[in-house]
Amino acid sequence: MPVKKNEAANEWLYAGKSIIFMYGSFSYWLFKDMFPYRQLGEQFIRTMLEGFATIMVGAVVQGLFLAWLGGYYGDRFGAYIWIGTATTFSIFRETSVLMAGILFAARVGTAFTVEIGSMSMSGQLDALRLMAVEPTQHIVIPRVLASVITLPILKAFSDGLAIFSTMVFLKMWFGVSFPIFLEHAFEFLKPSIITLSLIKAGIMGFFVALNACGLGYYFTGGAVELGKTTTKSTVINFLYVMIIDLIFGIIVELTGWGTV
Amino acid sequence: MIEVKNLYKSFGENDVLKGLYLTVEERKATVVIGRSGIGKSVLLRCISGLLRPDSGEIFIDGDDITKASRAKLLKIRSKIGMLFQEGALFDSLTVFENVAFPLAYHQLYSEVEIERKVMKYLEIVEMEKFVDAYPGELSGGMRRKVAIARAMILEPKYLFYDEPTSGLDPYSSAVVEIMIKKLQSELNITSLIVTHDIELTRFIADYIALLENGKITAMESRDMAFTEDSLVYEHFIKRRERIRAENGY
Ligand SMILES: Nc1ncnc2c1ncn2[C@@H]1O[C@H](COP(=O)(O)OP(=O)(O)O)[C@@H](O)[C@H]1O
Ligand SMILES: [Mg+2]
């Protein structure tokens, strides 16, 4: 079947609307009577378990490329003693949170879209409504708030593992010993850099989860459409992660909170 | 009593309901028959307040749900239980948790009381042995029965069934049919069933309404509907023979 041009445009428009409506619905229901504590706990554990392995693999990959780049330029310019400074700085400020955000969107965000979309498809959301249970409150809010807590924690683990794997690979490939790496590694690292990157992770977790849930929540159609919606969830959330990162970058430069 | 008056609902260019009238009598089983994609589920979703119609009125015991506030809507909805197409059980919960869900969520009863009620309804649908199973582990017919128990647990006055036997083999269909009949006669439920299963209709209907082209085009009692010259018979049984004949069989 040939895809009509404006059909694709309409689908993206609908996706955009779903997300905006979800922002409204979320803010409305967040402060209404019952707060879903139990579901929040369940979703916290679930997002931690789902995100952990993927994000840790991402941390090791970061170690790989930072060690390679750092080692290469360190070699060329004879600046081994500054490799530690450069890599920890970039891990804490940019790469770790970017990687964690993208992998979280890919692993946990898409899972939310598929899960809530298929609940909608099979009538489970309607069943909840008919029992006077608001799906935003029962399904969406716990997932979003759990993600706000989970992503910074996973990001912190990722920081540690990324630095450790950079050290290991530098030693393996370029013979940079741990003491040399560590000598200046944390010299310029201000607490505000770490705090800001954790806040950034929390905000990424928030929007990734909220967008993913919104796309699932307002989903209509069958299996083919659910596949397309899931793709949109991934694309939109990747863009969100990049943009949030960019906005923080600008804030940091303007205020001087995160610069050396 | 449920009264639907001049109901319109469309999705974009697709006009699904076009001035539909329907009356559902208390303590009777009304069956709406119509072919797939004609708008049976849309009708049920409108009547249960899950979908807002474009225009028209829907009175449930005299209250118009199309104009009700949210609080009022919730109150009216508490009179309604629904068996969704395919059951719509929560995949992540066990059979027991599924049936207990509405009671537990709203903390209406103590744990002991909840357990007693859940077991009572699971026994009515003969699913008490499967309390710890997940919906994914059950057959279509079993899932349907658990969904009936879940719809019953809040003791609604009205019970809506969306194609209760679709996709079931004749044996499971018979079991579900008997369940519906039992609830109908023992608990005096007012049932509204949408289906295209003519055997189910013959077995449980008190009244039969024919949904065609966005409207109810005929409403007949069961005794009438299955006689040779009824409209329902004409549209639903003779049509099949006619289509066969047209194709030379
Ligand atoms: N949420 C929706 N958005 C757009 N179209 C819908 C929606 N729900 C139902 N429809 C359309 O309404 C028509 C009737 O659907 P439905 O009531 O599900 O039929 P059935 O009689 O098989 O239950 C179909 O053409 C369907 O595509
Ligand atoms: Mg249907």
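Residues numbered from 1 in each chain as written. Chains lettered and ligands numbered in written order. Predicted model: local features only at pLDDT ≥ 70, side-chain atom pairs only at ≥ 80, totals over all residues. Heavy atoms only, no water.

Peer 1: Quick rundown of the overall build of chain B? Include the residues and the values.
Peer 2: Check the secondary structure of chain B and you find nine helices and 10 strands. By the compact-globule yardstick of 18 Å for 249 residues, chain B fits well, its C-alpha radius of gyration being 19 Å. Reported as C-alpha extents along the three principal axes, the dimensions of chain B are approximately 60 × 45 × 35 Å. Here chain B, with 249 residues, has 51% of them falling under the buried criterion. Across chain B, every contact between residues at least 6 apart in sequence was considered, and the portion connecting residues at least 24 apart equals 64%. A total accessible area of about 11900 Å² is found for chain B, and carbon and sulfur atoms account for 50% of it. Chain B carries 34 positive and 38 negative side-chain charges, and their two centres are separated by 3 Å. (Helix = DSSP H or I, 4+ residues; strand = E, 2+ residues; numbered from the N terminus. Rg over C-alpha atoms; globule rule 2.2 N^0.38 Å. Buried < 20%, exposed > 50% of the residue type's maximum accessible area, 1.4 Å probe, protein only. Contact = heavy atoms within 4.5 Å. Areas by Shrake-Rupley, 256 points an atom, 1.4 Å probe, with all protein chains shown as cover. Lys, Arg positive; Asp, Glu negative; His and termini not counted. Charge placed at Lys NZ, Arg CZ, Asp CG, Glu CD.)

Peer 1: Lay out the coordination of the magnesium ion (ligand 2) in plain terms, naming residues and giving numbers.
Peer 2: Binding of the magnesium ion (ligand 2) to the protein goes through B:S41 (OG) and B:Q85 (OE1), at separations of 2.0 to 2.7 Å. Residue B:S41 is located in helix α1 (residues 40-47), and its partner B:Q85 is located in the loop between β6 (80-83) and α3 (95-105); the two are separated by 44 residues in the primary sequence. (Donors = N, O, S within 2.8 Å, 3.2 Å for Na, K, Ca; no water.)

Peer 1: So what's going on with the interface of chain B and chain A? Which residues, and what values?
Peer 2: If you look at the interface, chain B gives 20 residues, while chain A gives 17 residues. In this assembly, chain B packs against chain A so that about 1700 Å² is buried in total across both faces, 66% of it on carbon and sulfur atoms. Ranking the residues of chain B by area buried against chain A places B:R70, B:F90 and B:Y105 at the top, with a combined share of 33%. Between A:D126 and B:R45 there is a salt bridge, with its nearest N and O atoms 2.1 Å apart. The interface formed by chain B and chain A contains five residue pairs in polar contact (both at pLDDT 80 or more). Mapped by element, the contributors of at least two residues to the side of chain B that touches chain A are α2 (70-77), β6 and α3 of chain B. In the side of chain B that touches chain A, the residues fall into 11 nonpolar, four polar and five charged. (Buried area = accessible area lost by both parts, 1.4 Å probe. Salt bridge = Lys/Arg side-chain N within 4 Å of Asp/Glu carboxyl O. Polar contact = N/O pair within 3.5 Å; in protein donor to acceptor, adjacent residues only side chain to side chain. Nonpolar A, V, L, I, M, F, W, Y, C, P; charged D, E, K, R; others polar.)

Peer 1: Which residues make up the nonpolar core, and what are the values?
Peer 2: Residues and elements named next belong to chain B. In terms of nonpolar packing, the biggest core is built from 87 residues, with L20, L22, V32, I47, I60 and F160 touching the most fellow members. With residues up to four places along the chain from it excluded, the contact list for L22 reads I2, E3, V4, V32, L43, L192, A209, I216 and M219. Listed in part, the 46 residues of the second largest apolar core include L103, L122, I153 and I237. (Core = buried A, V, L, I, M, F, W, Y, C linked by side-chain atoms within 4.5 Å.)

Peer 1: Quick rundown of the side chain of A:Q39? Include the residues and the values.
Peer 2: Relative to the helices and strands, A:Q39 is located in helix α2 (residues 37-77). At a separation of 3.3 Å, a polar atom in the side chain of A:Q39 contacts the side chain of A:H138. Setting aside chain neighbours within four positions, we find A:Q39 in contact with A:H138, A:P142 and B:Y105.

Peer 1: Any chance you could break down the packing of aromatic side chains for me, citing the residues and the numbers?
Peer 2: Geometry of an aromatic ring pair is reported as the spacing of the ring centres plus the angle between the planes. All names here are of chain A. This model, assessed by the stated rule, comprises 14 aromatic pairs over all chains. Aromatic pair F26 and F206: ring centres 5.5 Å apart, planes at 80 degrees, arrangement edge-to-face. Of this pair, F26 sits in helix α1 (residues 5-30) while F206 sits in helix α7 (residues 191-217), placing them 180 residues apart in sequence. Classification of F206 by relative accessible area gives partly exposed; the value is 22%. (Phe/Tyr/Trp six-rings, centres within 6.5 Å; stacked < 30°, edge-to-face > 60°.)

Peer 1: Which residues make up the sheet that holds β6(B), and what are the values?
Peer 2: Residue and element names in this part refer to chain B. Pairing in this open sheet of six strands is mixed, and the strands run β6-β7-β8-β3-β9-β10 from one edge to the other. The open sheet has two free edges, formed respectively by β6 and β10 (215-221), since each of these has just one partner strand. The average undirected angle you get between the axes of adjacent strands in this sheet is 20 degrees. Of the strand pairs in this sheet, strand β3 (residues 29-33) and strand β9 (residues 207-212) are connected by four bridges, and their pairing is parallel. In the sheet register, I33 faces β9, and the bridge partner there is L210. (Pairing = 2+ DSSP bridges. Axes fitted to C-alpha atoms, helices over the stretch in contact; angles between N-to-C directions.)

Peer 1: Can you lay out the site of ligand 1 for me, pointing to particular residues and giving the numbers?
Peer 2: All names here are of chain B. Lining the immediate surroundings of ligand 1 are F11, N14, V16, R35, S36, G37, I38, G39, K40, S41 and V42. Separating an oxygen atom of ligand 1 from a side-chain N or O atom of N14 is a distance of 3.2 Å. V42 places a main-chain nitrogen or oxygen 2.9 Å from an oxygen atom of ligand 1. Look at ligand 1: alone it shows 560 Å² of surface, and the protein chains cover 64% of it. The biggest single contributor to the shell around ligand 1 is α1, with three residues. When the residues that make up the shell around ligand 1 are grouped by side-chain class, the tally is four nonpolar, five polar and two charged. (Near = heavy atom within 4 Å.)

Peer 1: Give a detailed account of the pattern of salt bridges, specifying residues and quantitative values.
Peer 2: Residues and elements named next belong to chain A. On inspection of all chains with the given rule, the structure shows 26 salt bridges over all chains. The partner of K200 in a salt bridge is D245, with the nearest N and O atoms 2.8 Å apart. Here K200 is found in helix α7, whereas its partner D245 is found in helix α8 (residues 223-255), with 45 residues between them in sequence. In this pair, the class of K200 matches that of D245, namely buried. Several salt bridges share partner residues, and in doing so they unite R46, E50, R107, E115 and R143 into one network.

Peer 1: An account of the environment of B:A88 is needed here, citing residue identities and associated values.
Peer 2: Along the chain, B:A88 turns up in the loop between β6 and α3. Non-local contacts of B:A88, meaning those with residues more than four positions away in its chain, are made with A:S122, A:G123, A:Q124, A:A127 and B:R150.

Peer 1: Outline empty space enclosed by the protein, listing residues and values.
Peer 2: For the coordinates displayed, the defined rule picks out two cavities of 30 Å³ or more. Put simply, the largest cavity is a space of about 130 Å³. Along the wall of the largest cavity there are 14 residues; nearest its centre are A:M131, B:G81, B:M82, B:R150 and B:A151. Elements represented by at least two residues in the lining of the largest cavity include exactly α4 (124-130) of chain A together with β6 and α5 (140-152) of chain B. Looking at the lining of the largest cavity residue by residue, the classes come out as 11 nonpolar, one polar and two charged. Estimated volume of the second largest cavity: approximately 70 Å³. In terms of lining, the second largest cavity is formed by A:R93, A:E94, A:I193, A:L196, A:S197, A:K200, A:F248, A:G249 and A:V252. The set of elements that each furnish at least two residues to the lining of the second largest cavity consists of α3 (83-121), α7 and α8 of chain A. (1 Å grid on protein atoms, 1.4 Å probe; cavity = no way out; pocket = protein on both sides within 12 Å on 5 of 7 lines; lining within 4 Å. Points joined across faces, edges and corners; volume = space filled by probe spheres on them.)

Peer 1: Lay out unusual backbone geometry in plain terms, naming residues and giving numbers.
Peer 2: Across residues other than glycine, the phi torsion is negative in most instances, and most of the peptide bonds are trans. Residues and elements named next belong to chain B. A positive phi angle, close to 50 degrees, is found at D61, a residue other than glycine. Position of D61 relative to the elements: it lies in the loop between β4 (55-60) and β5 (63-64). For D61, a relative accessible area of 29% translates into the label partly exposed.

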